[in-house]
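Chain by chain, the residues:
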Amino acid sequence: MKKFRTGFGFDVHELAEGQEFWLGGILVPHTKGAFGHSDADVLIHAICDALLGAVALGVIGTHFPVTDAKYKGIDSKVLLKEVVDLLKSKNVEIGNIDATIALQKPKIKPHILDMRTCLA
């Protein structure tokens, strides 16, 4: 029997005028976007934290610190790929990911399929 692990991720970013709103790896049209050191994709950041936490490898900031200029403005999909590669190097297989997004606006239902496709 394979060992089953569960991780939990959580991330929050301020929404600000003039920022792009990246969520689940796709650009969601909106008047505000998330502000952060990277592209501030809160969904991908929370997924990274959950994956890292499931194998006791810390949090996203440990692996990709905001003090490192090479991560300034980075596409969070790149960070997720690095986390997935790290898990593969530890012989960890991802079985399922579930995520909850707490957001009133913009409505994300029209974008969920694109997010799933991008993240898969």
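As a reminder, the structure under discussion sits directly above these lines.
With 14 residues, helix α3 (residues 76-89) ought to run about 20 Å at 1.5 Å a step, and its terminal C-alpha atoms sit 20 Å apart, in line with that. Residues of α3 that are buried: S76, L79, L80, V83 and L87. Along the axis of α3, the buried positions cluster into a sector of 100°, meaning they face one direction only. The outward face of α3, more than 90 degrees from its buried face, is lined by the exposed residues K81, K88 and S89. For α3, the elements touching its buried residues are α1 (42-54), α2 (60-63) and α4 (112-119). Sitting at the head of α3, D75 places a side-chain oxygen 2.8 Å from the backbone nitrogen of K77. Count one or two residues on from α3 and you reach N91, which has phi positive near 60°.

Moving on: unusual backbone geometry. Of the consecutive residues K105 and P106, the connecting peptide bond is found in the cis state with omega at 0°. Mapped onto the elements, P106 comes out in the loop between α3 and α4. At A40, a residue that is not glycine, the phi angle is positive and equals roughly 65°. Along the chain, the position of A40 falls in the loop between β4 (32-34) and α1. For A56, which is not glycine, the phi dihedral falls at a positive 55°. Structurally, A56 is set in the loop between α1 and α2. In this structure A56 comes out as exposed when scored by relative accessible area, which is 68%.

Parameters at a glance
- Residues numbered from 1 in each chain as written.
- Predicted model: local features only at pLDDT ≥ 70, side-chain atom pairs only at ≥ 80, totals over all residues.
- Heavy atoms only, no water.
- Helix = DSSP H or I, 4+ residues; strand = E, 2+ residues; numbered from the N terminus.
- Expected span 1.5 Å × (residues − 1).
- Buried < 20%, exposed > 50% of the residue type's maximum accessible area, 1.4 Å probe, protein only.
- Arc of directions from axis to C-beta.
- Contact = heavy atoms within 4.5 Å.
- Polar contact = N/O pair within 3.5 Å; in protein donor to acceptor, adjacent residues only side chain to side chain.

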